[in-house]
Each structure stands twice: as structure tokens, then as C-alpha cells.
Amino acid sequence: MGIIEERKKRTEWFMDARFGMFIHWGLYAIPGRDAWVRSDEEMSLEDYEQYFEEWNPVNYDPKKWAKAAKNAGMKYAVLTTKHHEGFCLFDSQYTDYKSTNTKFGRDIVREYVDAFRAEGLKVGFYYSLLDWHHPDYPAYGDMYHPDRNNEKYKDKKRDFNKYLDYLHNQVRELLTNYGKIDILWFDFSYKGHFAEDWRGTELVRMVRELQPDISMNARLEGSGESYGSIMTDDPKVTAGDFTCPEMIIPMKGLRTPSGTEVPWEACFTMNNCWGYTPMDIHKKTASQIVRKLVECTSKNGNMILNVSPTAKGDIPKWQLNILEEVGEWMHENSESIYGCRMSEFEKPEWGRYTQKGNKLYAHVLDECVGAIALPGVKGRVKKARRLCDGSEMLLMTPWVAKEFPGYEFVNYGKPDYCSFSIESTPDNVIELTLEDK
Ligand code: GLC
């Protein structure tokens, strides 16, 4: 099997799942100024050390997190096993800079894996390729390292290969000690640190050997900025199985130049930060998230939505509220998300279509006046039901629509041009059953 066929096979469940939970958690939850705080503020390792000394998230209860994810309709999760700061949430034998070595003393990754699996969710590991703690990771003069301008490190010798051994060893640990892992999420490549600079082919061979079914993202070659060879018709071994647009939804489904679909997953925060940042009050709404999830699905992509637990180990209340609200919509409408693909029909003016075989889901995102015109399906709709409650919608052309013969029409009720408003729901879904072709 070629790389493209293999990736299709590996990502099948993933593309059906559509909706996942991202969890960004590390020492940076204590300063509470996002995950990049050490780099943003060019903070020294000595100054950062206090957070390691303090780390003790006594409320950590991943069973609660897993329940929140499940109730929101999420099918998988990805946890930062190590973010750029270098602190490991797992019990690695290659470092002392790990949760098991703090007051807290627990292997956070182990408990996460057990809890999420118990809820029937697939589990993924985020692993930062960058490491601002490791003594052999380039610091002075690096683009992002907190010590990039720190003269103290100017002449310090660093052996990057030693760091790469460390990285490879830790990936081996993560993929050996925690059973079947469903997703591997590397983050990220940049100038001078790209694919083979990470000894990428060797790394991917190991990953595939240890976990043949794992879906690996595309950031061993790319980042939010560039997606790498996965976008070509000749992807490299390091290309990964899916790409990850960050805080953006592609304008159309992603394809290679010859038209092959490229699996993708958009990652979003609930405010503007990945790590816990109480001062960031730019919160998205549940309705916005539902609509964006629908948009991703309608373009053949997934959405992974971030939560940012506190230093005590709680997902913030406002984030739980959003998850709950999204869950209410999913409870009634998830059939229009799971297993759905881009529709064969053109995008309707009032919203979007998603499709699964002969089920076409009309996501009515605008307030409508009168009957709703369905483009592309004239003469093909057998029946129409509101997805939320299974109630019948009238398939008929009202007398006021006679001038528009190219469309099929659905009506909410009698009179046959009655209007409805979507104020109370983020998205009204109409399930249309199509005649077989
Ligand atoms: C960015 C950031 C990182 C974050 C990631 C999630 O590339 O470097 O902080 O974890 O996006 O997509």
C-alpha cells in the first residue's frame, strides 16, 4: 500500500469521529499567562523553577474530564504529554523534569489514558518537538527559545543529537508504556528544525512499528503556518496522516493538486489561549463552536477544541459550561456530524449541507422567512424530518414559490410559508432522506 492509501485507512475512524478534546496542561497553568509564557517573557529557567517546586494539582480527576468530553459529544482527546516548556506529565526514565518528581508525584498521562479509555474515547498524545528545558536544545539565537537573547548561553556547547536521542527515547516510552494510542500530535517544525532535522524518517519508522494504526499529525514537517508534503501527491514518510490548521478553517476541503482529499483537523481554543489564562476573557460561545464544527464537517474536516485546566487540576467552569451546551446540541443532532462528509451538493445560501450516503443534513444557520429552498436535490427528496425531534417537515412548493422551479422546498408547518427563527438553537438540522440514485 502506498503512503496515501495507508493514511486513508488509518484515519478512517478519525474522520468519522469529527470532534475531539485538546488538553493543554503544564507548569504554565501556575503563572496563568498561556503556554508560551517563558518564551514571551524571556524568563530564565531559574525563575521558572518555582512552578516546578509548586506543582501540585490536587483536584486532578481525569474521570471528570473524560465525562465532560463524552457528554459534549467528543470522540477522542489529545493531551500535552510535554509542551515546549519541557515538563513531562509522564514518568519518563530519561528526565527528572516530570510530574512524578514533584509534590504531586503522579503519572498524569497514565491516569488520563485510563480515564478516557474507560469512557470509550480514543486517546492521543501531543508531544512538543521543541524543548526549552533540555540542555542540548538550541537556545541562544534560536527563534523561539526563552534564552534566545541570553548572553550567558552564547558560547554554551550543545549537542543536538543528544537531544534527538532524548526525543526519540521519550516517544518510544510513550508509545510502549501506555497501551494502544490512537493519535500522535507532534508540535512543531520551523526553520532549521524540519523533518530530517528531527531524524524524522527514523522516528516515523519507530512510531509505525510500535503503533501501526496510530494517526500521526503533519507537524514533523509543518506547523500552523505550513503543512508540508502531505499537501502534495508525493508525500514523504514524515508527512503524517492528517494536517492541522490552527485557529482557521480552510475555505474549502483540503486536496492535493491532483484532487486527493487530505485529512485535516482544525484546532481551536475557547478563548485566545491554549494554556490557562484567567485574564483572557475573549470567550467563544457554544453556538459559535457548534456552527464551526458543522463548517469543518461540511468541508471534510475535524475540530479539536481546547480546554486549559488550572494549576489545581480543574477545567474552568466556563469551559465546562460551553462543553455542556455543545453537548445538548450534539445529543439531538450528532447524526449530522459523525461519519458525515462533504456533501455532493452545492452549499446552500442559508447554511450548510453535510452528508452520509442517502442522508443529507440541511444545517439551517440563518433565520428564514417562509419555505426553505434546497439547492441541488430537486425531485430527489423522499422525506424531511427535524433531526432534533424526528417531527415531520412538509415537502411541498408553497404557492408563493412557484416562480422558482429549480428547487425543492421544505416548510416548517402550516401555513406553508410559515417562518421560524433560530434564536434558541445554534443550528436547526433537517434530515433529508434521498432517493437512491
Ligand atoms: C502552536 C503553539 C502551541 C500549541 C499548538 C496547538 O503551534 O506553538 O503552543 O500547542 O499551536 O496547535
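A brief report on the enclosed structure follows. Just so it is clear, the model here is predicted, and its values are computed rather than measured.

The next thing to look at is the sheet that holds strand β10 (residues 359–364). Here 5 strands make up an open sheet; going across it, the order is β8-β9-β10-β15-β12 and the pairing antiparallel. Of all the strands in the sheet, just β8 (341–342) and β12 (381–386) have a single pairing partner and so form its edges. Sheet contacts for helix α9 (residues 286–298): β8, β9 (351–356) and β10; angle to β9, the most-contacted strand, approximately 55°.

So, on to helix α10 (residues 317–333). Helix length check: α10, at 17 residues, gives a terminal C-alpha distance of 24 Å against a target of 24 Å (1.5 Å per residue), a fit within 8%. Residues of α10 that are buried include every one of Gln319, Ile322, Leu323, Val326, Gly327, Trp329, Met330 and Asn333, and no others. Check the buried side of α10 and you find it contacts β1 (19–23), α5 (62–72), α9, β7 (301–307), β10 and β15 (428–434).

Our next topic: the packing of helix α7 (residues 160–176) against helix α8 (residues 200–210). Axis angle and axis distance: for two packed helices, these are the angle between their axes and the distance between the axes, and together they describe the pair. Packing of α7 against α8 brings their axes to within 10 Å, and their N-to-C directions diverge by 10°. As the angle between them shows, α7 and α8 are arranged roughly parallel. As for the relative orientation of α7 and α8, their crossing is right-handed in sense. Facing Leu167, His168, Val171, Arg172, Leu175 and Thr176 of α7, the residues of α8 in contact are Glu202, Leu203, Met206, Val207 and Leu210.

The next subject is the environment of Ser343. Inspection of the secondary structure assignment puts Ser343 in the loop between β8 and β9. Ser343 has contacts with Tyr353, Gln355 and Leu360, leaving out every residue within four places of it along the chain. Separated by 3.1 Å, the side chains of Ser343 and Gln355 make a polar contact.

This part takes up the sheet that holds strand β14 (residues 408–411). Working definition: the strands of a sheet are paired by backbone hydrogen bonds and lie parallel or antiparallel to each other. Ordered by their spatial adjacency, 3 strands build an open sheet running β11-β14-β13, and the pairing between neighbours is antiparallel. Only two strands of the sheet have a single neighbouring strand rather than two, namely β11 (372–374) and β13 (394–395). Pairing between β13 and β14: 2 bridges, direction antiparallel. Paired with Leu395 across the bridge in β14 is Val410.

Enumeration according to the criterion identifies 0 disulfides in this entry. A disulfide-free cysteine, Cys340 has its sulfur positioned 13 Å from the sulfur of Cys296, the nearest such atom. Judged by relative accessible area, Cys340 falls into the buried class, the value being 0%.

Reading the values: rules and limits
- Residues numbered from 1 in each chain as written.
- Predicted model: local features only at pLDDT ≥ 70, side-chain atom pairs only at ≥ 80, totals over all residues.
- Heavy atoms only, no water.
- Pairing = 2+ DSSP bridges.
- Helix = DSSP H or I, 4+ residues; strand = E, 2+ residues; numbered from the N terminus.
- Contact = heavy atoms within 4.5 Å.
- Axes fitted to C-alpha atoms, helices over the stretch in contact; angles between N-to-C directions.
- Expected span 1.5 Å × (residues − 1).
- Buried < 20%, exposed > 50% of the residue type's maximum accessible area, 1.4 Å probe, protein only.
- Parallel < 35°, antiparallel > 145°, perpendicular 65-115°, else oblique.
- Left-handed = near helix turned anticlockwise from the far one by under 90°.
- Polar contact = N/O pair within 3.5 Å; in protein donor to acceptor, adjacent residues only side chain to side chain.
- Disulfide = S-S within 2.5 Å.

Don't take any of this as a statement about function, it's just geometry.
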